[in-house]
Amino acid sequence: LGMFSELKFPVPWGHVAAKAWGPSEGHPVLCLHGWLDNANTFDKLIPLLPRDCYYVAMDFSGHGLSSHRPAGSPYHFLDYVTDVRRVAAALQWRRFTLMGHSMGKTKTSLNAQLFFLSYCFISLQFCFLYPEMVDKLILLENLGFLLAPEDTEAWLKSERMVIDRLLSLEAKQQIPKARSPEAALQRLLEANRHLTAEGGAILLQRGATETPAG
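Residues numbered from 1 in each chain as written. Predicted model: local features only at pLDDT ≥ 70, side-chain atom pairs only at ≥ 80, totals over all residues. Heavy atoms only, no water.

**Q** Quick rundown of the overall build of the protein? Include the residues and the values.
**A** Within the protein one finds 5 helices and 6 strands. Mapped from its N terminus to its C terminus, the protein presents α and β elements in the order β-β-β-β-α-β-α-β-α-α-α. Within the protein, buried positions represent 37% of all 214 residues. Counting only contacts in the protein whose residues sit at least 6 apart along the sequence, the fraction spanning at least 24 positions is 69%. With the model as given, the accessible surface of the protein reaches about 13100 Å², and the carbon-plus-sulfur share is 57%. (Helix = DSSP H or I, 4+ residues; strand = E, 2+ residues; numbered from the N terminus. Buried < 20%, exposed > 50% of the residue type's maximum accessible area, 1.4 Å probe, protein only. Contact = heavy atoms within 4.5 Å. Areas by Shrake-Rupley, 256 points an atom, 1.4 Å probe, with all protein chains shown as cover.)

Below, the structure is given as structure tokens:
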């Protein structure tokens with residue numbers, strides 16, 4: 001398992017990079033690195049693991065060879081959970097083993113410790129949100145999930161809905177339709193019943209782009 005291949009998965013802001021070891025028909029294992037690390041975290045570990053698995057270690061956005069998010073965009077831990085869902089979908093994996101590493105033994109400030117905790121949550125959150133997709137969870141230097149039991153159901157429902165809706169919208173993205181000024185105004189008024197024709201026309205002056213075809 002010393003040999004590996006490089007993978008790239010397209011995302012709206014570029015790509016998510018990954019490394020893969022083992023036979024592609026083997027049992028799927030998705031490997032998640034920790035804070036400020038990258039897929040090379042698993043270089044020394046993978047060769048020691050069973051050879052009948054297909055290991056994919058991804059670089060989270062802004063790490064390793066993955067694209068950075070647009071300037072000014074935050075790196076929230078739930079976005080990393082969404083990245084995991086994107087990669088699983090690109091690999092067409094319906095069920096797989098998830099192996100997450102985090103929390104090294106470095107002494108850090110309180111702020112850094114809190115940031116470490118965010119990374120600890122990625123593997124756990126994905127399992128909580130998509131339990132039907134994970135057959136085994138392996139945690140390396142990790143912590144438990146710090147969520148009050150009474151909050152669990154509401155949290156799971158809201159966070160999974162956010163991720164699923166985002167990915168659904170991305171999948172449905174189409175080339176913007178070109179409309180005549182009259183048709184564009186009509187479409188705007190249909191979607192916003194409170195607008196007058198005059199108000200809609202004012203908004204379109206700044207909210208629409210003229211194409212070469214007019």
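Past the structure itself, the notes keep going.
**Q** Go over helix H1 (residues 77-91) with me, naming the residues and quoting the values.
**A** Across its 15 residues, H1 extends 22 Å between first and last C-alpha, which sits within 8% of the 21 Å expected from 1.5 Å per residue. Of all the 15 residues making up H1, 11 are buried; the element is thus mostly covered by neighbouring parts of the structure. Within the sequence span of H1, burial applies to Leu78, Tyr80, Val81, Thr82, Asp83, Val84, Arg85, Arg86, Val87, Ala88 and Leu91. Taken from the residues just after H1, glutamine 92 is the one with a positive phi, measuring 60°. (Expected span 1.5 Å × (residues − 1).)

**Q** Break down the packing of aromatic side chains for me, with residues and values.
**A** The final tally for this structure, using the stated rule, is 7 aromatic pairs. Pairing phenylalanine 4 with tryptophan 21 gives two aromatic rings, centres 6.0 Å apart and planes at 50°, and the pair type is tilted. Here tryptophan 21 lies in strand S2 (residues 14-21) and phenylalanine 4 lies in strand S1 (residues 4-11), a separation of 17 residues in the sequence. Judged by relative accessible area, tryptophan 21 falls into the buried class, the value being 2%. Between phenylalanine 126 and tyrosine 130 the ring centres are 5.2 Å apart and the planes differ by 35°, which places this aromatic pair in the tilted class. Here phenylalanine 126 and tyrosine 130 have matching classes, each one buried. Through successive ring pairs, a cluster of aromatic residues spans Tyr54, Trp93, Phe96, Phe126 and Tyr130. In this structure, lysine 19 is placed above the aromatic ring of phenylalanine 4, and the distance from its NZ or CZ to the ring centre is 4.0 Å. (Phe/Tyr/Trp six-rings, centres within 6.5 Å; stacked < 30°, edge-to-face > 60°. Lys NZ or Arg CZ within 6 Å of the ring centre and 35° of its normal.)

**Q** So what's going on with the environment of aspartate 52? Which residues, and what values?
**A** With respect to the helices, strands and loops of the structure, aspartate 52 is situated in the loop between strand S3 (27-32) and strand S4 (53-58). Assessed through its relative accessible area of 54%, aspartate 52 is described here as exposed. Residues aspartate 52 and histidine 27, 25 residues apart in the sequence, show an inter-C-alpha distance of 6.7 Å. Discounting chain neighbours no more than four positions away, the residues touching aspartate 52 are Gly26 and His27.

**Q** How would you explain unusual backbone geometry if you had to name every residue and give the values?
**A** Although it is not a glycine, glutamine 92 adopts a positive phi angle of roughly 60°. Tracing the backbone through its elements, the reader meets glutamine 92 in the loop between H1 and strand S5 (96-101).

**Q** Requested: an account of the side chain of lysine 19, with residues and values cited.
**A** Here lysine 19 is to be found in strand S2. A polar contact is formed between the side chain of lysine 19 and the side chain of asparagine 40, at a distance of 2.8 Å. Those residues in contact with lysine 19 that lie beyond four places of it in its chain are Phe4, Ser5, Glu6, Ala39, Asn40, Asp43, Tyr55, Val56 and Ala57. (Polar contact = N/O pair within 3.5 Å; in protein donor to acceptor, adjacent residues only side chain to side chain.)

**Q** Give a description of the environment of alanine 208 that names residues and reports values.
**A** Along the chain, the position of alanine 208 falls in the segment after helix H5 (197-207). A C-alpha to C-alpha distance of 8.9 Å links alanine 208 and proline 181, two positions 27 residues apart in sequence.

**Q** Account for the pairing of S3, naming residues and giving values.
**A** Most of S3 sits inside the fold, with 5 of its 6 residues counted as buried. Where S3 and S4 come together, 6 bridges link them in parallel fashion. Looking across to S4, one finds that proline 28 is bridged to tyrosine 54. As judged from the 4 bridges shared by S3 and S5, these two strands associate in the parallel manner. The residue bridging valine 29 from the neighbouring strand is threonine 97, located in S5. (Pairing = 2+ DSSP bridges.)

Worth remembering: the numbers are spatial, not functional.
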